[in-house]
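# Topology and contacts: notes
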Amino acid sequence: VDATVSVFAFSQGSKAPPETTQCFRATFIRLVSLLNAMMMSDLEGETLPASDSAAFSYELLDAEALDRNTLRLLQGTAVKRSILIFQWISNLLDEAQRNEVLVAPPPLLTRAFKAMENGLHDYHLALKLAYTPFPFPYTACVDVLLTVHFVLTPLVTTSWTDDACLAILFTLSSVWSVWLLHLVAAELENPFGLDDTDLHMGEIQKDINSTLRLLFDNTCQHVPHISSGVNIDHLQHNSAHFSGLPSVVEDADARCVSSAYRPEASGPREMVMNVVTSIVMNRDA
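The UniProt entry for the protein chain carries the following comment under Subcellular location (unreviewed entry): "Membrane".

On to the overall build of the protein chain. Counting secondary structure elements, the protein chain contains 10 helices and zero strands. Each helix and strand of the protein chain, ordered N terminal to C terminal, gives the series α-α-α-α-α-α-α-α-α-α. By residue count, 30% of the 285 residues in the protein chain fall in the buried class. Long-range pairs, those at least 24 residues apart, make up 69% of the contacts in the protein chain with a sequence separation of at least 6. Looking at the protein chain as shown, the accessible area adds up to about 19,500 Å², and 63% of this sits on carbon and sulfur atoms.

By the definition in use, this model includes three aromatic pairs. Ring centres of phenylalanine 8 and phenylalanine 28 lie 6.4 Å apart, and the angle between their planes is 55°; this geometry places the pair in the tilted category. Residue phenylalanine 8 is found in helix α1 (residues 2-10), and its partner phenylalanine 28 is found in helix α2 (residues 18-43); the two are separated by 20 residues along the sequence. Its relative accessible area of 4% is what places phenylalanine 8 among the buried residues. By relative accessible area, which is 0% here, phenylalanine 28 ends up buried. Ring geometry for phenylalanine 8 and phenylalanine 216: centres 6.5 Å apart, planes at 55°, overall tilted. Of this pair, phenylalanine 8 sits in helix α1 while phenylalanine 216 sits in helix α8 (residues 201-216); the two residues are 208 residues apart in sequence, bridging distant segments of the chain. For phenylalanine 216, a relative accessible area of 27% corresponds to the partly exposed category. Counting every residue linked through ring pairs, the aromatic cluster contains Phe8, Phe24, Phe28 and Phe216.

In this section: the environment of aspartate 62. Structurally, aspartate 62 can be placed in the loop between α2 and α3 (68-76). Spatially, the C-alpha atom of aspartate 62 lies 6.6 Å from that of arginine 30, the residues being 32 residues apart in sequence.

Counted at 1.5 Å a residue, the expected span for helix α4 (residues 81-98) with its 18 residues is 26 Å, and the 26 Å between its end C-alpha atoms agrees. For α4, the full list of buried residues reads Arg81, Ser82, Ile85, Phe86, Trp88, Ile89, Ser90, Leu92, Leu93 and Ala96.

So, about the side chain of threonine 171. In this fold, threonine 171 is placed in helix α7 (residues 164-187). Polar contacts involving the side chain of threonine 171 include one to the side chain of threonine 157, which spans 3.0 Å. Beyond its immediate sequence surroundings of up to four residues, threonine 171 is in contact with Thr153, Pro154 and Thr157.

Next up on the list: the environment of phenylalanine 216. Residues phenylalanine 216 and phenylalanine 28, 188 residues apart in the sequence, show an inter-C-alpha distance of 10.0 Å. Among all residues touching phenylalanine 216, those that are not within four sequence positions of it are Phe8, Gln22, Arg25, Ala26, Ile29 and Gln221.

By size, the foremost hydrophobic cluster in this structure holds 45 residues, and its most contacted members are Val7, Phe24, Phe28, Ile85, Ile89 and Leu102. For this core, the secondary-structure elements that each account for two or more residues are α1, α2, α3, α4, α5 (106-131) and α8. With 12 residues, the top contributor of residues to this core is α2. Valine 7 has contacts with Phe24, Phe28, Leu93, Leu102 and Ala112, leaving out every residue within four places of it along the chain.

About the cut-offs
- Residues numbered from 1 in each chain as written.
- Predicted model: local features only at pLDDT ≥ 70, side-chain atom pairs only at ≥ 80, totals over all residues.
- Heavy atoms only, no water.
- UniProt positions renumbered as here; feature names shortened; annotations may be inferred.
- Helix = DSSP H or I, 4+ residues; strand = E, 2+ residues; numbered from the N terminus.
- Buried < 20%, exposed > 50% of the residue type's maximum accessible area, 1.4 Å probe, protein only.
- Contact = heavy atoms within 4.5 Å.
- Areas by Shrake-Rupley, 256 points an atom, 1.4 Å probe, with all protein chains shown as cover.
- Phe/Tyr/Trp six-rings, centres within 6.5 Å; stacked < 30°, edge-to-face > 60°.
- Expected span 1.5 Å × (residues − 1).
- Polar contact = N/O pair within 3.5 Å; in protein donor to acceptor, adjacent residues only side chain to side chain.
- Core = buried A, V, L, I, M, F, W, Y, C linked by side-chain atoms within 4.5 Å.

What follows is the structure, encoded as C-alpha cells:
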C-alpha cells in the first residue's frame, strides 16, 4: 500500500497521454492486490496442497482484466507466484519510467522501489514463521518432561493430603495448566494457517483491497489548495474542529453564490437591489 501511494503520487505529473497513465494505474493496482493474495497463499504453510490454498478464493481487484498472456503465465507457474508477480510489478514501474508516466526525479522515485523491497523483506520474515518449525529435540524434551510431570503429580499430591477431592483438584490444576500452555504455544507456531484461532487472512485481503480502491479513486488524485482571499501568513487560533467543517463549507458556498449573483452596480437602483439580494441570501444561508 505504501508503494501504491508513492507511485500514484509520482504519476500525477505524467507526460504520457491520460489513457496511458490510467492504464498504468489500473494494471499496477490489480497486480498489487494479486500479489498480496499470493503472498498469503505462501504463508499458509505446507499443510495443504497448493491447489487447496484458501488464498486462491480471496477477493481480488478485477484480476480478470489482465491480459490473457499474463494470466496464462501465472497459472502455469506452480511455485513462487508471489516472486513472479513482484518481478512483473518491477517491470511495470521500469516501463512507466521510460514512457514518462512516472516523472519524479530518480532520488524520489526510489522511494516506491524501496517500499516494494520493504514489503518483500517483511514477506520473507513472515515465511520464517510459517516454514521454520520449532526444533524437534526441544519439543520432544518438553513432551517427555510433561509426561513425567503428569505421572508423578498424582503421587505427590496424595502425599500432601488425605482428602481425595483435594488431591484430584490439585492434580488437575497442576497438570492441565502446564499442558494448556504447551498446546497454546503449538497453536501459535504458525499464525497464518487456516485454523479458527489463526489470523483472518481473508479479512486482511478485503481491507487491503478497500484501501487500494480508495487510492485508485479520483478523490485521492485531488491536490488541496488554500481558498482564495485567505491570509496565508496568519493562522487562526480558533480553528474549527472536523465536525464543524461541513458548516464551514456551506458558509463558503453561500458566500460564493452570493457574490455570483451580485452584478456590477450601474446606478442607485441597482445598488439598492444588490444590497437587498445580499441580505436575503445571507439570511437564508
